[in-house]
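Take a look at the letters that make up each chain.
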2 protein chains.
Amino acid sequence: MTEKDLRERIKEVAVEHFDTNGYHGTTIRNIAKDVNCSLPMIYYYYKNKKELFDEIIKKEFFNLLKKQASLLKTDNIIDFYTKFIFDLNSLSNYDKKVYRLGIKVYLSFEGDEELMKLMDEWEKSILPRHREILKPHLKNVNNEKAIVRTLVHLLETMIENIVVKNRYLPEDEIREEISIVLKS
Amino acid sequence: MTEKDLRERIKEVAVEHFDTNGYHGTTIRNIAKDVNCSLPMIYYYYKNKKELFDEIIKKEFFNLLKKQASLLKTDNIIDFYTKFIFDLNSLSNYDKKVYRLGIKVYLSFEGDEELMKLMDEWEKSILPRHREILKPHLKNVNNEKAIVRTLVHLLETMIENIVVKNRYLPEDEIREEISIVLKS
DNA sequence: CTACAATACTAACGAACGTTAAGTAAAGGA
DNA sequence: TCCTTTACTTAACGTTCGTTAGTATTGTAG
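Note that the structure is predicted; figures quoted are calculated from it, not measured.

## Some details on the overall build of chain A
Here is step 1: Along chain A, the regular secondary structure elements total nine helices and zero strands.
Here is step 2: Ordered by position from N to C terminus, the α and β elements of chain A give α-α-α-α-α-α-α-α-α.
Here is step 3: Oriented by its inertia axes, the alpha-carbon framework of chain A measures out at about 65 × 30 × 25 Å.
Here is step 4: Looking at chain A as a whole, 52% of its 184 residues qualify as buried.

## Brief notes about helix 9 (residues 171-182) of chain A
Here is step 1: The terminal C-alpha atoms of helix 9 of chain A lie 16 Å apart, and with twelve residues this matches the ideal 16 Å at 1.5 Å per residue to within 8%.
Here is step 2: Those residues of helix 9 of chain A that fall on the buried side of the exposure criterion are Ile174(A), Glu177(A), Ile178(A), Ser179(A), Ile180(A), Val181(A) and Leu182(A).
Here is step 3: Each element contacted by the buried residues of helix 9 of chain A is listed here: helix 5 (77-86), helix 7 (113-134) and helix 8 (144-164) of chain A together with helix 8 (144-164) and helix 9 (171-182) of chain B.

## A look at the domain arrangement of chain A
All names here are of chain A.
Here is step 1: Split into domains, chain A comes out as domain 1 (1-46) and domain 2 (56-182).
Here is step 2: For domain 1 and domain 2, the distance between their C-alpha centroids amounts to 29 Å.
Here is step 3: Counting from both sides, the interface comprises nine residues of domain 1 and, opposite them, nine residues of domain 2.
Here is step 4: Summed over both sides, the interface between domain 1 and domain 2 buries roughly 900 Å², with carbon and sulfur atoms accounting for 57% of that surface.
Here is step 5: If you sort the residues of domain 1 by the area they bury against domain 2, Lys11, Val15 and Asp19 come out on top, with a joint share of 60%.
Here is step 6: Linking domain 1 with domain 2 are three salt bridges.
Here is step 7: We note a salt bridge from Lys97 to Glu16, for which the minimum N-O separation is 2.6 Å.

## Focus on the protein's contact with DNA strand C
Here is step 1: Not every one of the 18 residues close to DNA strand C is listed here, only the nearest: Thr27(A), Arg29(A), Leu39(A), Tyr43(A) and Ser38(B).
Here is step 2: In the interface set of DNA strand C, defined as its atoms within 4 Å of the protein, sugar plus phosphate atoms amount to 47%.
Here is step 3: Within the side chain of Arg29(A), one N or O atom sits 2.6 Å away from a base nitrogen of DNA strand C.
Here is step 4: Within the contact set of DNA strand C, a phosphate oxygen lies 2.9 Å away from a side-chain nitrogen or oxygen of Tyr45(B).
Here is step 5: For the surface near DNA strand C, the secondary-structure elements that each account for two or more residues are helix 2 (28-35) and helix 3 (40-45) of chain A together with helix 3 (40-45) of chain B.
Here is step 6: The dominant element in the surface near DNA strand C, judged by the number of residues it contributes, is helix 3 of chain B, at four residues.
Here is step 7: Here the surface near DNA strand C is built from residues that sort into ten nonpolar, five polar and three charged.

## Quick look at the protein's contact with DNA strand D
Here is step 1: DNA strand D sits among 17 residues. The nearest are Ser38(A), Arg29(B), Leu39(B), Tyr43(B) and Lys49(B).
Here is step 2: The protein-proximal atoms of DNA strand D, defined as those within 4 Å of the protein, are 46% sugar or phosphate.
Here is step 3: Tyr44(A) is positioned such that a nitrogen or oxygen atom in its side chain is 3.2 Å from a phosphate oxygen of DNA strand D.
Here is step 4: Between DNA strand D and Tyr45(A), the relevant distance is 3.1 Å, taken from a phosphate oxygen to a side-chain nitrogen or oxygen of the residue.
Here is step 5: Taken together, the elements giving at least two residues each to the surface near DNA strand D come down to helix 3 of chain A together with helix 2 (28-35) and helix 3 of chain B.
Here is step 6: If one sorts the elements of the surface near DNA strand D by residue count, helix 3 of chain A sits on top with four residues.
Here is step 7: Class assignment of the residues belonging to the surface near DNA strand D gives a composition of nine nonpolar, five polar and three charged.

## Brief notes about the relation of the copies chain A and chain B
Here is step 1: Of the transformation placing chain A onto chain B, the axial shift is 0.0 Å and the rotation is 180°, giving an RMSD of 0.0 Å. Taken together, the turn and the small shift mark the pair as related by a two-fold rotation axis. Across chain A, the smallest distance between a C-alpha and the rotation axis is recorded for Ser184(A), namely 2.3 Å.
Here is step 2: When the interface residues of chain A are mapped onto chain B, 100% of them again lie at the interface, so the same face is used by both copies.

## What to know about the interface of chain A and chain B
Here is step 1: Contact residues are listed per partner, giving 32 residues for chain A and 32 residues for chain B.
Here is step 2: Both sides together, the interface formed by chain A and chain B hides about 3000 Å², and carbon and sulfur atoms give 55% of it.
Here is step 3: A per-residue breakdown of the area chain A buries against chain B is headed by Phe109(A), His153(A) and Ile180(A), which together make up 23% of the total.
Here is step 4: At the boundary of chain A and chain B, one finds twelve salt bridges.
Here is step 5: Notably, a salt bridge pairs Glu177(A) with Arg149(B), separated by 2.8 Å at the nearest N-O pair.
Here is step 6: At the boundary of chain A with chain B, the tally comes to 19 residue pairs in polar contact (both at pLDDT 80 or more).
Here is step 7: Every element with two or more residues in the side of chain A that touches chain B is listed here: helix 1 (6-25), helix 6 (93-106), helix 7, helix 8 and helix 9 of chain A.
Here is step 8: Here the side of chain A that touches chain B is built from residues that sort into ten nonpolar, ten polar and twelve charged.

Criteria and cut-off values
- Residues numbered from 1 in each chain as written.
- Chains lettered and ligands numbered in written order.
- Predicted model: local features only at pLDDT ≥ 70, side-chain atom pairs only at ≥ 80, totals over all residues.
- Heavy atoms only, no water.
- Helix = DSSP H or I, 4+ residues; strand = E, 2+ residues; numbered from the N terminus.
- Buried < 20%, exposed > 50% of the residue type's maximum accessible area, 1.4 Å probe, protein only.
- Expected span 1.5 Å × (residues − 1).
- Contact = heavy atoms within 4.5 Å.
- Domains from an automatic or database assignment.
- Buried area = accessible area lost by both parts, 1.4 Å probe.
- Salt bridge = Lys/Arg side-chain N within 4 Å of Asp/Glu carboxyl O.
- Near = heavy atom within 4 Å.
- Polar contact = N/O pair within 3.5 Å; in protein donor to acceptor, adjacent residues only side chain to side chain.
- Nonpolar A, V, L, I, M, F, W, Y, C, P; charged D, E, K, R; others polar.
- Least-squares fit on C-alpha atoms with pLDDT ≥ 70 in both.

Below, the structure is given as structure tokens:
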């Protein structure tokens, strides 16, 4: 029965349900059924539905973001960003669903104010971080700020395509688009 | 009491609720309360909850898209796209919420398979349409396809920023980003 | 004035929800 | 051997949900 830690299994199934049916569309009963455990076991490991959801965003999603943000970068900036996006294609299904859920909260389609505040803080860190990465490569351009902004916007859509819409983006298409922005 | 058509008022309040709380988080009772009518009146004008939601997407959202897509275009392509995006800032609150709901369905965060299919069809029409618009302006470039794709991706993020995240995007920032892609 | 449709309401249905009370089974240290 | 802790169960609580049956009110055409 306890092939895997039950607490973990509950979370995995919960990700599935929250992703497919949304917070309000997800029921503890259905999670318990899929986990093949009794209903109160969910409450044994998690205080309530909201805490289960929060743990997924706060731990799973932000861990994913941090792991992704700490990727080593190559000296070729276009290679770096291409790889950064392309690797999302091979994220595990679980990670993709966690990511998807996170974006849902990021777009304020779900979650409460507390989670939204976490997202806002994260968002504020995005532009400066990429500006730092791109700084050495954008020395002799006058519209550096706009280029960074455009690139970040472009990255966002590509992430959404892969993670949210579950599309496969080929490496050369990613490279083409990034090049268009960075070689302007 | 009947200052405005009740059927219409129900739909307006429904947009508000679906937008804020999602499909499953929205209750007919709360809609009725905000409309200040009795609960069964909702069922008098709409078959059920799903039909109310569907009408918002099928009629309101797609009308909005069509209206937007039929905008007259200027001879300057950068002006055209800048205006196209910038004008979203001054969409009415109701239209913004309808748009937001539509994007939610577009990203398959909500709605059933039928609605998703409508979205897929719409999505397929996007690239060819912009390719047609851009064709005369991208004659002597070899990566025309990639540029169109990049532009559409960029437009998507800007739309999301304005409509979904409810940010104000200044005209010059929009113009800068579009120029970066189109002048490459 | 009357009859009949359209519009509105009160009240309630059964089902499903989040959550918890209360108890059992197993395990491990004293 | 007893006792405490951990892991788990059945059963039920009260609430709210979508939906509808049944009835009253209103507007209007004859």
